[in-house]
Amino acid sequence: MGNTKWHSVVRLRLVFLVCLALLACSDYQRARSAYEAGEYTKALQIFERLSEAGNSQAQYDLSQMYFQGIGTPKSIEQGWMWMNRAAEKGNIQAMLELGVRYQASTSLENGEEMAFLWFQKAAMAGSPVGQYNLARLYESGKQTPVDLVKAYVWMSLSKRSGNPTAAPDVKGLKARLSPEELASGDQMIQELKKTIP
């Protein structure tokens, strides 16, 4: 009898959690619909509520509204704050955009290091674009010392993740490596494949 009660309580909690998840999804869709209909104030309010609750996609969308001043006065600080929160919660779009924003800025402190960090996080999260950008950084030596083996590794992973523009770059990088470097790179690829989604 006690076991049946316990199972009922667990089932009830699971149903409650599923309902909460569905409600959050439907709230997000309402916010997107309001945004697309030009009801920016309504969209902003819903995105803010969802963002405060930890929804990383809402945080990303909210950051865009603040950066561009859509439905709210433009606020670069609020845009950065919500973009960072989204990226820290694993939102790959936010990671990539932070990398690009840091890379493009000449006025942000530690911009180059932060660009590298966010591209690396996106790459490790399985983003083909993050992997491509990280490979380019290793190849160019702008934000990190030149390392053609790591450039080859990340470009190969980008190609493996479905980025068709990486294929010719993999071929070019491969041609620049010694057989020993190539073997080392291939070993790194095999190790990273075990940890990257």
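My aim in this report is to walk through the structure given alongside it, one point at a time.

### Brief notes about the overall build of the protein chain
Across its full length, the protein chain holds 10 helices and 0 strands. Counting from the amino terminus, helix and strand elements in the protein chain follow one another as α-α-α-α-α-α-α-α-α-α. Of the contacts made within the protein chain by residues no fewer than 6 positions apart, 45% connect residues no fewer than 24 positions apart.

### What to know about the environment of Ser 158
Inspection of the secondary structure puts Ser 158 in helix H8 (residues 148-160). Between the C-alpha atoms of Ser 158 and Val 170, which are 12 residues apart in sequence, the distance is 9.2 Å. Setting aside residues up to four positions removed in sequence, Ser 158 forms contacts with Pro 128, Gln 131, Tyr 132, Asn 163 and Ala 166.

### Notes on the pattern of salt bridges
If you walk through the whole model with that rule in mind, you get 10 salt bridges. Between Asp 27 and Arg 49 there is a salt bridge, with the nearest N and O atoms lying 3.0 Å from each other. With a gap of 22 residues between them, Asp 27 in helix H1 (residues 2-36) and Arg 49 in helix H2 (residues 40-52) connect regions that are remote in the sequence. By relative accessible area, Asp 27 is classed as buried at 7%. Residue Lys 194 pairs with Glu 191 through a salt bridge whose shortest N-O separation is 3.3 Å.

Procedures and definitions
- Residues numbered from 1 in each chain as written.
- Predicted model: local features only at pLDDT ≥ 70, side-chain atom pairs only at ≥ 80, totals over all residues.
- Heavy atoms only, no water.
- Helix = DSSP H or I, 4+ residues; strand = E, 2+ residues; numbered from the N terminus.
- Contact = heavy atoms within 4.5 Å.
- Salt bridge = Lys/Arg side-chain N within 4 Å of Asp/Glu carboxyl O.
- Buried < 20%, exposed > 50% of the residue type's maximum accessible area, 1.4 Å probe, protein only.

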